[in-house]
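Below, each chain spelled out in residue letters.
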Amino acid sequence: MCTWIQFASRRQWLASTALSLLALSPALGWAQSAWPSKAIKIVVPYAPGGANDILARVVAEKLAPVLGQSVVVENRAGAGAAIGTEYVARATPDGYTLLMAASGPIVFNPALVAKLSYNPLTDLAPISLAGSFPMILAVNDNFPAKNFAELVAYSKANPDKSNYAYPSASFQLVMELIKTRTGLKALNVPYQGSAPSINAVLTQEVQMTLIDSGPIAALIKSGKLRALAVTSEQRLASYPQVPTLKEQGVDLAVNFWSGLLAPAGTPAPIIKRLQEEMARIMALPDVVERMAKLDIKPVGGSSADFAKTIATEIPLWTQVAKDNNIKAQ
């Protein structure tokens, strides 16, 4: 026969066990529904074909076999990459919707757009930088300046004749920073896209342009355009003859970049696993070789380093935009 004391003790034991199970429920849920259990989507906020899109597809190709699930790339372009970026920022933070974004929507849009529909610092969780790529400052081959110092001297002597073409406000921000640091004199002339910007230099409508290397590679190699400087820390293997700004006495290195992010609130174990895979992928010899052909430096760094890059660059470009009254076009 069960006494009241025995019954009470048993009831207390059952209650204690139930509370223990409740406390463990998140861990049990994680174990029972191990990630990933279905396809993963990497959103690219640009049209197919660009460097950011290529990076996303390389990552998807290498991720799928090790995760045991398909990894698909979905392009959601528009509004300066804000549409795709906001889509991921508002997605369920479960590790199944990721973002491969360039620096544009993450650090340039906050500097250029007064009322942005997402906050990169609070709505997104950085996973890892994927790759970085510099810009090249180029002039028509008939232009008298043969190096950056001569370009600065020419611009100061001919301020009314000096101008530059740019395809978007992000390139304008970088060029204005270069002007501030060097004393270069040049009026900005906007064009709709890289091709018109480059063509303006070819036809000598403008004196110079600052652009990523991909669209002008063939023109530099053919001698139609002359590259005066590259904005990276080191010379590019594709253009060993082109010195960096630093080599020419300018204490400045600027790179655009692409990185993998997730919606804020994504579980830490998922972020950690993806960061580890990014580090592995970006170090693979075939990936390094493929990126080199695009003048992209593979990174695959830590989530903390990526977060630091974002937190550092947003105020930098915000100040440049404010100082030069630059807004999104």
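Residues numbered from 1 in each chain as written. Predicted model: local features only at pLDDT ≥ 70, side-chain atom pairs only at ≥ 80, totals over all residues. Heavy atoms only, no water.

K.L.:
Mind laying out the overall build of the protein chain, listing which residues take part and the relevant values?
P.N.:
A tally of helices and strands in the protein chain yields twelve helices and ten strands. Of the contacts made within the protein chain by residues no fewer than 6 positions apart, 76% connect residues no fewer than 24 positions apart. Of the roughly 15700 Å² of accessible surface on the protein chain, 57% is carried by carbon and sulfur atoms. (Helix = DSSP H or I, 4+ residues; strand = E, 2+ residues; numbered from the N terminus. Contact = heavy atoms within 4.5 Å. Areas by Shrake-Rupley, 256 points an atom, 1.4 Å probe, with all protein chains shown as cover.)

K.L.:
For the nonpolar core, give the residues involved together with the corresponding values.
P.N.:
In this structure, Ile42, Met100, Ile106, Leu151, Val174, Met208 and Trp317 are the most contacted members of the largest nonpolar core, which totals 83 residues. The next biggest cluster of nonpolar side chains, apart from the first, holds 19 residues, and it includes Ile136, Ala200, Val201 and Leu225. (Core = buried A, V, L, I, M, F, W, Y, C linked by side-chain atoms within 4.5 Å. Buried < 20%, exposed > 50% of the residue type's maximum accessible area, 1.4 Å probe, protein only.)

K.L.:
Tell me about the packing of helix α2 (residues 51–67) against helix α11 (residues 285–293), and please be specific about residues and values.
P.N.:
The contact between α2 and α11 brings their axes to 12 Å, and the two run at 170 degrees. Here α11 runs roughly antiparallel to α2, going by the angle between their axes. Mapping the contact onto sequence places Ile54, Leu55, Val58, Glu61 and Lys62 in α2 and Asp286, Val287, Arg290 and Met291 in α11. Residue composition of the contact of α2 with α11, grouped by class: five nonpolar, no polar and four charged. (Axes fitted to C-alpha atoms, helices over the stretch in contact; angles between N-to-C directions. Parallel < 35°, antiparallel > 145°, perpendicular 65-115°, else oblique. Nonpolar A, V, L, I, M, F, W, Y, C, P; charged D, E, K, R; others polar.)

K.L.:
Give a description of the side chain of Gln207 that names residues and reports values.
P.N.:
Mapping Gln207 onto the fold places it in the loop between α8 (194–202) and β7 (208–212). The class of Gln207 is buried, set by a relative accessible area of 15%. For Gln207, the residues in contact, after removing those within four places along its chain, are Ala138, Val139, Asn140, Phe143, Lys161, Ser162, Asn163 and Val201.

K.L.:
I'd love a proper account of the packing of aromatic side chains, names of residues and values included.
P.N.:
By the definition in use, this model includes six aromatic pairs. A centroid spacing of 5.7 Å and a plane angle of 40 degrees characterise the contact between Tyr164 and Tyr166, whose relative ring orientation is tilted. Like Tyr164, the residue Tyr166 is buried in the burial classification. Here the aromatic residues Phe108, Phe171, Phe256 and Trp317 are joined through ring pairs into a cluster of three or more. (Phe/Tyr/Trp six-rings, centres within 6.5 Å; stacked < 30°, edge-to-face > 60°.)

K.L.:
Describe the pattern of salt bridges, listing the residues and the values that go with them.
P.N.:
A full pass over the atoms with the stated rule returns twelve salt bridges. Arg273 is paired through a salt bridge with Glu277; the nearest N and O atoms lie 3.2 Å apart. Within this pair, Arg273 and its partner Glu277 are both found in helix α10 (residues 268–282), separated by four residues, close to a single helical turn. The buried category is assigned to Glu277, whose relative accessible area is 10%. When the shortest N-O distance is used, the salt bridge between Arg280 and Glu277 registers 2.7 Å. In this pair, Arg280 and Glu277 both sit in helix α10, three residues apart, roughly one turn of the helix. Salt bridges linked by common partners bring Lys41, Glu74 and Arg76 together as one network. (Salt bridge = Lys/Arg side-chain N within 4 Å of Asp/Glu carboxyl O.)

K.L.:
Now, about helix α12 (residues 303–324): what can you tell me, with residues and values included?
P.N.:
Counted at 1.5 Å a residue, the expected span for α12 with its 22 residues is 32 Å, and the 32 Å between its end C-alpha atoms agrees. Taken together, the buried positions of α12 are Ser303, Phe306, Thr309, Ile310, Glu313, Ile314, Trp317, Val320 and Ala321. Where α12 is buried, its residues contact α4 (103–112), α5 (120–123), β4 (124–140), α7 (169–182), β9 (255–263) and α10. Looking one or two residues beyond α12, the residue adopting positive phi is Asn325, at roughly 55 degrees. (Expected span 1.5 Å × (residues − 1).)

K.L.:
Requested: an account of the environment of Phe108, with residues and values cited.
P.N.:
Note on placement: Phe108 falls in helix α4. We classify Phe108 as buried; its relative accessible area is 3%. Distance from Phe108 to Phe171, taken between C-alpha atoms, is 9.8 Å for residues 63 residues apart in sequence. If we skip the residues at most four places from it in the chain, Phe108 touches Ser103, Ser170, Leu173, Val174, Phe256 and Trp317.

K.L.:
Can you tell me about the packing of α4 against α12, naming the residues and giving the values?
P.N.:
Interhelical geometry of α4 versus α12 gives an angle of 35 degrees and a closest axis separation of 8 Å. At the point where α4 passes α12, the crossing takes the right-handed sense. When α4 is examined against α12, the residues Ile106, Val107, Phe108, Pro110, Ala111 and Leu112 are found in contact with a partner set consisting of Ile310, Glu313, Ile314, Trp317, Thr318 and Ala321. Residues belonging to the contact of α4 with α12 are distributed by class as follows: ten nonpolar, one polar and one charged. (Left-handed = near helix turned anticlockwise from the far one by under 90°.)

K.L.:
Go over α4 with me, naming the residues and quoting the values.
P.N.:
Extensive coverage of α4 is indicated by the burial of nine of its ten residues. Those residues of α4 lying buried are Ser103, Gly104, Pro105, Ile106, Val107, Phe108, Asn109, Ala111 and Leu112.

K.L.:
Mind laying out the confidence of the model for the protein chain, listing which residues take part and the relevant values?
P.N.:
Interpreting fine coordinate detail is not advised for predicted regions of low pLDDT. Confidence in the prediction for the protein chain averages 90 pLDDT; 90% of positions are at 70 or higher. This model gives residues 1–11 a pLDDT under 50, and the stretch forms two contacts once residues within four places in sequence are excluded. Note on residues 17–32: pLDDT under 50 across the span, and five contacts to partners over four residues away in sequence or across chains. (pLDDT = per-residue confidence, 0-100.)

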